[in-house]
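Coordinates in review
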Amino acid sequence: MDGRLLFDLAVIAVAVLGWFAIHGVVWLATRPVMPAPAPATMELGNERPAVVSLLVNRWSVTEDAVESTLLDLAARGFFELRQPGDDPTHTTVHLPATRPDDSTLRPYEHRVLSRIRSLAIDGVLPLTALTFRDRAHARTWNKRMIAEVVADARAAGLSRRRFGPTVTSALTAAAMVVAVLVGYAAARSMGQGWHNFGYFVGVLTLVVLSTISSRSPGERDTPLGREVAARWLGVQSWLRAHEQFHELPPASVAIWDRYLGYGAAVGATHLTSAVLDLGMGDRTLVWSSYGGSWRRVRVHYPRFATRYGMTLPKLLFASGISIVVGAFLLRFFGPSFDLSPSSPYPRAATFTLVTSIVAVIALLLVFSGIWKVVRGLVDLATERTITGEVLWVQVWRKRSQGENQPSLPWLHYLAVDDGTADRTTAWGLPSEWAGRCHDGDTVTIRGRPWSRRVMSLSVVGHGRSRSLLEPVGRGASADGPPTPAESVFTPEEVGQALGLPVRAPERVALPASLTGVEFHAAGDGQPVLAVQTVAGTAAQWIWRVNARGQELPGIGGGAYLIGEGAVFRVGDRVVLVALRGPARARTAHLPWLLAQGALRASTTRGGATA
């Protein structure tokens, strides 16, 4: 390989890599800048919820835009949301008898309203019937929705193209310079008579780089947009300060008015967002309750690198193949290859550029194989164990079983939130283990961080985050009467746990799905302990809201200490316990008391074995 050829290859490499370096710098320089939140406030602005969703999500349109628009339309009277029972998934949409004036609606609001009107029968539509059944239709509908929201934000001066006309023109001009250099170097390396080849390579380079430069990677902030986003982040802080706001069902829009729609836009309404699944669920932005509070976690799903999900033997075998193939190519196309007229391969001299490219690829194969071997062995020695909440389980890779046989999955994605960050990368889970866990379960996994291969998995707690949408397990009655609250604890047990004598429990008035009692001190009659029991769907709500704080293992189907109270469940029954008056600080023996109540509830007729 002569010096001139090396120089030409260097020119091509430097020109192309330089352009991509410039593109990378521009990409980093134009990233949206999130402002510091303004002080918490309940004052809403004039921006529509879909645009607010864009601003608080780093100028990216998420599924919150659709959900918040639907809720806002309900708050403004274009239809009504009704929940006939305890289950929010049974919510129905009711169109008014007189069609309201919709001339002031934005295009994306028209899109949502038109879908509701087209699906409603006699003015009524189950909320869950809004789900798309055709993936291509959902993709097209969602793409147009995003474009309309972005156009509205741009018109208001709140957003702009991340790569504007000036940036795109500069990148295209740089691409033209690179194309000329690459074309000239390619033609020069091939010798006389290869001008057309150089022209072709140059044009191809220009087309590829111009296409990349013309594709803007989304939206970015504007000065006005940052100012408005800061104000809406303050509204987000105010809404999140209300503990129960994220557990409001969609029908509560009748009470909360437009606040519920804006709450969905800023990610403060978990239950409503879970119900308003229109079949466009974003697996890259998933709700997590791990750690005791709801938040969204952004998940990256590896796709192309061959190391992901691989076992060490397969990784070493693939690396060995890469090294062998690279070494073989170097044997014939490396620097020692003889290009003189007396060479046994005289025709190869015509393809000096091609052979040089093959030699570079061969070197990359060798070095890549060696790197994977070393990194795989390090990966083996750096296995780590994490515990967290399952966010997503999905088929990743399949293996063909032959002609006329269905392909079988051998690897699944497993996204787990361990509570340490708002971003995570999915693991590779052997498909035979995929049935062990479900969304919302708490699991402990042992995995290799570089290959993302799960080596062991165990479920340590069953799902809280999606228990509302899952059926009640076998052996538990979904709508049976709750365990009577007065039969959970005896006065003797309560007195022993609190260290003071108490009277027999007295019933308190509660809604039909709950029963409740209070224990009073034997001396002055002050209330010292309140007990409530609930069953069925309402129990699932109560458990989701209160399953936080200090976990108490081994008590019923789960138990937690929460400040001056506690909660435990047995089957589909949930029991809430709250200390009152002089007993507020006497929490030392609450775990013992809960254990007694859980044991009794599991053996009574109203209870169910966990």
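Note that the coordinates shown come from a computational prediction; the quantities given were computed from them, not determined experimentally.

Overview of the packing of aromatic side chains
Per the counting criterion, the structure on display carries seven aromatic pairs. Between Trp19 and Phe20, the aromatic rings sit 5.2 Å apart at their centres with planes inclined by 90°, giving edge-to-face as the arrangement. Look at Trp19 and you get buried, because its relative accessible area is 1%. Judged by its relative accessible area of 39%, Phe20 falls in the partly exposed class. Ring centres of Phe245 and Trp256 lie 4.8 Å apart, and the angle between their planes is 75°; this geometry places the pair in the edge-to-face category.

Some points on the sheet that holds strand β3 (residues 124–126)
With respect to topology, three strands assemble into an open sheet ordered β1-β2-β3, the strand pairing being antiparallel. The open sheet has two edge strands with one neighbour each: β1 (80–82) and β3. In this sheet, neighbouring strand axes are inclined to one another by 25° on average, regardless of whether the strands run parallel or antiparallel. With three bridges joining them, β1 and strand β2 (residues 92–94) adopt antiparallel strand pairing. Residue pairing for β2: Leu81 is matched across the bridge by Val93.

A closer look at the nonpolar core
Of all hydrophobic cores here, the largest spans 55 residues; its most connected members are Leu70, Phe79, Leu81, Val112, Ile116 and Leu127. Breaking this core down by element, the ones donating at least two residues are α2 (49–56), α3 (64–75), α4 (107–119), α5 (135–155), α8 (223–240), α10 (258–265) and α11 (270–275). When near neighbours in sequence (up to four residues on either side) are disregarded, Val112 contacts Val66, Thr69, Leu70, Leu73, Trp141 and Met145. If you look at the next biggest cluster of nonpolar residues, it comprises 29 residues, including Phe519, Val531, Leu590 and Leu593.

Considerations on helix α6 (residues 165–190)
Counted at 1.5 Å a residue, the expected span for α6 with its 26 residues is 38 Å, and the 37 Å between its end C-alpha atoms agrees. For α6, the complete set of buried residues consists of Thr168, Leu171, Ala175, Val178, Ala179, Val182, Gly183, Ala185, Ala186, Ala187, Ser189 and Met190.

With respect to the packing of α3 against α4
Orientation of α3 relative to α4, taken along the N-to-C sense of each, is 75°, at an axis distance of 10 Å. Taken together, α3 and α4 sit at an angle that is classed as roughly perpendicular. Residues Val66, Thr69, Leu70, Asp72 and Leu73 of α3 form the contact with α4, whose participating residues are Tyr108, Glu109, Val112, Leu113 and Ile116.

Some remarks on the side chain of Thr168
Take Thr168: it is sitting in helix α6. Not counting residues within four places of it along the chain, the set of residues in contact with Thr168 comprises Arg161, Phe163, Ser213 and Ser214.

Some thoughts on the environment of Ala156
Considering the arrangement of structural elements, one finds Ala156 in the loop between α5 and β4 (160–161). Judged by its relative accessible area of 42%, Ala156 falls in the partly exposed class. Between the C-alpha atoms of Ala156 and Val51, which are 105 residues apart in sequence, the distance is 9.7 Å.

Notes on the pattern of salt bridges
Applying the stated criterion across every chain, the model contains 16 salt bridges. We note a salt bridge from Arg82 to Glu80, for which the minimum N-O separation is 3.2 Å. Within this structure, Arg48, Asp72, Arg76, Glu109 and Arg258 form a network of salt bridges that share partners.

Overview of the confidence of the model for the protein chain
Here the protein chain shows a mean pLDDT of 82. Residues at 70 or above account for 85%. Low pLDDT (under 50) marks residues 464–483, which in the prediction has 59 contacts with non-local residues, meaning those over four places away or in another chain.

Regarding the packing of α6 against helix α7 (residues 195–214)
Contact pair α6 / α7: the axes reach a minimum separation of 7 Å and the direction vectors enclose 155°. Classified by the interaxial angle, the pair formed by α6 and α7 is roughly antiparallel. Our pair here, α6 against α7, has a crossing hand that is right-handed. For the pair α6 and α7, the contacting residues are Thr168, Leu171, Thr172, Ala175, Met176, Val178, Ala179, Val182, Gly183, Ala186, Ala187 and Met190 in the first and His195, Phe197, Gly198, Val201, Gly202, Thr205, Leu206, Leu209, Ser210, Ser213 and Ser214 in the second.

Details of unusual backbone geometry
Not every positive phi belongs to a glycine, and Trp59 is a case in point at roughly 60°. Note that Trp59 resides in the loop between α2 and α3. We note that Arg452 has phi near 60°; this positive angle belongs to a residue other than glycine. Structurally, the position occupied by Arg452 is in the loop between β12 (442–448) and β13 (453–461).

Digging into α4
In this model α4 runs 19 Å from its N-terminal to its C-terminal C-alpha over 13 residues, within 8% of the 18 Å that 1.5 Å per residue would give. Here α4 has its buried residues at Tyr108, Glu109, Val112, Leu113, Arg115, Ile116 and Arg117.

Rules used throughout
Residues numbered from 1 in each chain as written. Predicted model: local features only at pLDDT ≥ 70, side-chain atom pairs only at ≥ 80, totals over all residues. Heavy atoms only, no water. Phe/Tyr/Trp six-rings, centres within 6.5 Å; stacked < 30°, edge-to-face > 60°. Buried < 20%, exposed > 50% of the residue type's maximum accessible area, 1.4 Å probe, protein only. Pairing = 2+ DSSP bridges. Helix = DSSP H or I, 4+ residues; strand = E, 2+ residues; numbered from the N terminus. Axes fitted to C-alpha atoms, helices over the stretch in contact; angles between N-to-C directions. Core = buried A, V, L, I, M, F, W, Y, C linked by side-chain atoms within 4.5 Å. Contact = heavy atoms within 4.5 Å. Expected span 1.5 Å × (residues − 1). Parallel < 35°, antiparallel > 145°, perpendicular 65-115°, else oblique. Salt bridge = Lys/Arg side-chain N within 4 Å of Asp/Glu carboxyl O. pLDDT = per-residue confidence, 0-100. Left-handed = near helix turned anticlockwise from the far one by under 90°.

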